[in-house]
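Each chain is listed here by its residues.
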Amino acid sequence: MTRLDRSPHGDEAEIDIYLNFVDSLFADRRSMLMGVTLQIGIALCVYIESGMTSMGVWPGIFLLTAAYRYFHIVCYGRQSAAAASMDRETRLAWAKDWERRYILSSGLAGLAVGMFAWFSLEFVGTEFAIIASLSTVFAALPTIVGRLYGSVRLAALMTVSVLIWPALSLLMAGNLASMIAVLLFLPYVGLVMSMVRRVRSTVVSAVRGRLEKTEIAERFNLALTNMSHGVIMFDRHQRVVVINRRARLILQIPHHVNAEGRSFSVLMRYARRFNLVPSDHAGSFQDVVSSLLVTDGRKAEIRLTNGVHVEFSGTQRPEGGSVLILEDVTERARAQERIKAMARFDSLTELPNRTHFGEEAVRRADEADPESRCLLIAFDVDDFKRVNDSIGHAQGDALLRAIARRLRRDYGDCAAISRLGGDEFMMFVDRLPADFEIDAFADGLRDCLRRSFRIGPEKVFVTQSFGITYGKAGDFDLKRAMVEADLALYHSKAMGKGVWSLFERDMNDRYLRRQLLKGELAKAIELGTLSVRYQPIVEAATGRIVGCEALSRWHHPEHGNVSPAEYIPLAEEMGIITKLTESVIRTATRECARWPDHVTVSVNLSSIDFQRDGIGQIIQNALETAGLPANRLIVEITETAVISNEADMIDRLTRIRRTGVGIALDDFGTGYSSLSYLHRLPLDRVKIDRSFVAGIETGDTPLALLHGITDLCHGLGLKITVEGVETASQLAIVRGSGKIDKVQGYLFGPALPATAIAEMATRMPAENAAADAPAAVAQPGTAATG
Ligand code: C2E
Ligand code: CA
Ligand code: CA
């Protein structure tokens, strides 16, 4: 009677069912006590009714067996708490031990009931005794079903042990009715058995169900605890049913706070206590989350004060209530912020880029008092390309960063600063009073940036050109202001380096004209509508024509004569100057070939012409086509051409000069005038700029200057032409120096058509032309000069 129908050594579930069964044996002490009380009561009644002293022992026997069983129940109850913490094997052994004890005690109790029935039937035999004892027996049977369902065999044995005594007594009666009654006991045993089986299977499946539920719950719990997302489940009243560890962590809800059963707003009080939600957002945060709890599939991202970005998403539960998922999206948010910053800031200098700067300038202007003044300044680094080429691009970048740093340091507080691209910067300064001193500000900015920047091991000296536009904040228009600042900057560039200019209305007109001329110029050069005029160059001593300078002319059908001073820089800017140079050289050599042999022609070359190798070839081709000896051609170069690329320039000039073409340095005395060029360049002649002659006779220009410069050139073995001689007295002074062999200027004529030169040259034959003619063609250093 000690074993379950199914082995307790089976799987985990079987063991659990077995333990559960043993537990159930000792569970209901109240029903046991009640049953025993009834038994004692009936035994007392039989004793009193029969008047037999021997029957007086039965209440005592029932009491004793009950005490024994009660004692077991109490002991079991005491041990079971400790048993819960036993390992499975020990617990199983312990349970088996208790099962045995139970069988013993309940077996005794069953035996007592059976014996009592037998005694009542056999020895008392009164009507009352028979009824009372049989009801005791049959009342015991349901308790067997209720308690011993765990083991069908045990239940069968107990049933038999109780019923055997009344059955015996009936058999002993010997009559037919008693025999039939005993036979009826058999199906009764079967009935008890089947009830036991039914109860058992119900209990087993209930236990299994409970175990499964516990297991699912445990798994669910494990998954929930280890989820990377925070999960909060709410019931239909929006109270927390489940909250996982991650959610607590994200919302910083301490462990000791019991979240279950509370509403989200109560939970958020903790979050607010830890200042997790920006206080000005607390209300809206609450609203956002509340709305997530009632709508399906919506998301909201909220940045907590600790810098953590949390994405909240709500889902409705089909059975009512909702689930809130919290995801830490800080990494994603940061990446997005970086992307946004990249779109708003220049990665090299970390200054705002054009778009961001524009927005900032507009915002500032909008917020400022409309009557206050604001400035927009465009500027760039002078000759940045040259700096970049000489120190390398990486260092060039470092220079731009250094400039940005300095700007931020000195102007970061009062201005919005941007790098628009390349070496172009822009600044917006606002909230300036109406009587603001713009000169002082512009000078200050210029001086702040005009300096040597330490770039790695080197120090790089740079200057900047600035264009400034100025006006009332109320009138600020970003687009217009940017154009104005650019125009002013363009103006500064034309004036030289390291200067600033304020935008003026006519800059706009000039800009428009330039744009217009650019379009027309390209066409004119392409179609060959530009012409060439020749300005006579005469011998200083005699006044005889010995050469001329080819000057390009553009007569525009609408704009009339456009000065080369205006369109040559445009052609340079547009990169089409060499086309123009080529056409002038071709025309000039062709015309010169028709003139008397002693007349030379000078052609102006642009610095751009020397940036590529082709210029030598252009000259050569023109000379060959025209059939003009090389020594009748002189090319004029300016110092700017030399500065931009000295080494290549010297190389290219040397090769040109070797062919017999003369080289003259034009506009000498203006611009950079580094005297060292005179040594290094392969020159034949210098042309002293007309500014040394203008005002010389009135004393406005000191004569000493002209003398100094001619002495210097003469000392270096260079021949000298003086330009811009307009009056006879100027000519007299020039002649007086004795070192100037040729002169040019309006005194001898402006730029004239080729035929006029031919006529002049024939009118004044070359008496002394040999003095100026080259000794031999293609001998460097001895070529003729203009
Ligand atoms: P430049 O090479 O110095 O040419 C001399 C300029 O001085 C010419 O101006 C000429 O007309 C002007 N000039 C001559 N004598 C006098 C005088 O006595 N007084 C005054 N005040 N001016 C005098 P233009 O023709 O307007 O040319 C201006 C500049 O444009 C030239 O200066 C030259 O640099 C450039 N240029 C002209 N034609 C060409 C060309 O075909 N190619 C290139 N690259 N530049 C050219
Ligand atoms: Ca010239
Ligand atoms: Ca000149």
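Thresholds applied
- Residues numbered from 1 in each chain as written.
- Chains lettered and ligands numbered in written order.
- Predicted model: local features only at pLDDT ≥ 70, side-chain atom pairs only at ≥ 80, totals over all residues.
- Heavy atoms only, no water.
- Pairing = 2+ DSSP bridges.
- Helix = DSSP H or I, 4+ residues; strand = E, 2+ residues; numbered from the N terminus.
- Axes fitted to C-alpha atoms, helices over the stretch in contact; angles between N-to-C directions.
- Donors = N, O, S within 2.8 Å, 3.2 Å for Na, K, Ca; no water.
- Buried < 20%, exposed > 50% of the residue type's maximum accessible area, 1.4 Å probe, protein only.
- Expected span 1.5 Å × (residues − 1).
- Arc of directions from axis to C-beta.
- Polar contact = N/O pair within 3.5 Å; in protein donor to acceptor, adjacent residues only side chain to side chain.
- Near = heavy atom within 4 Å.
- Areas by Shrake-Rupley, 256 points an atom, 1.4 Å probe, with all protein chains shown as cover.
- Nonpolar A, V, L, I, M, F, W, Y, C, P; charged D, E, K, R; others polar.
- Phe/Tyr/Trp six-rings, centres within 6.5 Å; stacked < 30°, edge-to-face > 60°.
- Lys NZ or Arg CZ within 6 Å of the ring centre and 35° of its normal.
- Domains from an automatic or database assignment.

1. Quick look at the sheet that holds strand β1 (residues 230–234)
Ordered in space as β2-β1-β5-β4-β3, the 5 strands form an open sheet in which the pairing is antiparallel. With one partner strand each, in any of the chains shown, β2 (240–243) and β3 (298–303) form the two edges of the open sheet. The sheet shows a mean angle of 20° between the axes of neighbouring strands, direction not considered. Relative to strand β5 (residues 322–328), strand β4 (residues 309–316) runs antiparallel, the two being bridged by 7 bridges.

2. Things to note about the coordination of the calcium ion (ligand 3)
Donor atoms from the polypeptide that bind the calcium ion (ligand 3) are Asp666 (OD), Asp667 (OD), Glu723 (OE) and Glu723 (OE), placed at 2.2 to 2.4 Å. For the calcium ion (ligand 3), the single-chain donor residues occur in sequence as D-D-x55-E. Separating the calcium ion (ligand 3) and the calcium ion (ligand 2) is a distance of 3.8 Å, and Asp666 donates to both of them. For Asp666, a relative accessible area of 6% translates into the label buried.

3. Focus: helix α15 (residues 438–449)
Relative to the 16 Å expected for 12 residues at 1.5 Å per residue, α15 spans 17 Å between its end C-alpha atoms, a close match to the ideal helical length. Within α15, burial applies to Ile438, Phe441, Ala442, Leu445, Arg446, Cys448 and Leu449. The arc that holds the buried residues of α15, viewed along the axis, is 165°, so those residues lie on one side.

4. Re the side chain of Arg544
Within the secondary structure, Arg544 sits in the loop between β13 (531–539) and β14 (545–556). When its relative accessible area of 9% is taken as the criterion, Arg544 is described as buried. Side-chain polar atoms of Arg544 contact the side chain of Glu539, separated by 2.5 Å.

5. What about helix α16 (residues 478–495)?
Between the first and last C-alpha of α16 there are 26 Å, a value that for 18 residues agrees with the 26 Å anticipated at 1.5 Å per step. Gly496, located one to two residues past α16, shows a positive phi value of around 135°.

6. Notes on the coordination of the calcium ion (ligand 2)
Bound to the calcium ion (ligand 2) are the protein donor atoms Glu549 (OE), Asn604 (OD1), Glu636 (OE) and Asp666 (OD), situated 2.1 to 2.3 Å from the metal. Classification of Asn604 as partly exposed rests on a relative accessible area of 28%.

7. Let's talk about the site of ligand 1
Near ligand 1, the surroundings consist of 21 residues, among which Gln535, Arg553, Arg690, Glu726 and Tyr746 are the closest. Within the backbone of Ser552, one N or O atom sits 3.1 Å away from a nitrogen atom of ligand 1. Asp667 has a polar side-chain atom sitting 3.2 Å from an oxygen atom of ligand 1. A total of 790 Å² of accessible area belongs to ligand 1 in isolation, and the protein chains cover 83% of it. Among the elements of the structure, β14, α18 (564–574), α19 (577–592) and β18 (662–668) are those that each provide at least two residues to the shell around ligand 1. At 4 residues, β14 tops the list of elements feeding residues into the shell around ligand 1. Of the residues assigned to the shell around ligand 1, the class counts are 8 nonpolar, 6 polar and 7 charged.

8. Remarks on the packing of aromatic side chains
Applying the stated rule across the entire model yields 23 aromatic pairs. Arranged with centres 5.4 Å apart and planes meeting at 10°, the rings of Phe379 and Phe425 form a pair that is stacked. Here Phe379, found in strand β6 (residues 373–381), pairs with Phe425, found in strand β8 (residues 424–432); they are 46 residues apart in sequence, far enough to count as distant. Judged by relative accessible area, Phe379 falls into the buried class, the value being 1%. Looking at Phe425, the relative accessible area reads 1%, which means it is buried. Here a set of aromatic residues connected by ring pairs shows up, and it is made of Trp58, Phe62, Phe116, Trp118, Phe119, Phe123 and Trp165. Positioned above the aromatic ring of Trp98 is the side chain of Arg101, whose terminal nitrogen or guanidinium carbon lies 4.0 Å from the ring centre.

9. Thoughts on the domain arrangement of the protein
By the assigned domains, the protein splits into domain 1 (3–218), domain 2 (227–334), domain 3 (345–503) and domain 4 (532–777). If you average the C-alpha positions of domain 1 and of domain 3, the two centres end up 103 Å apart.

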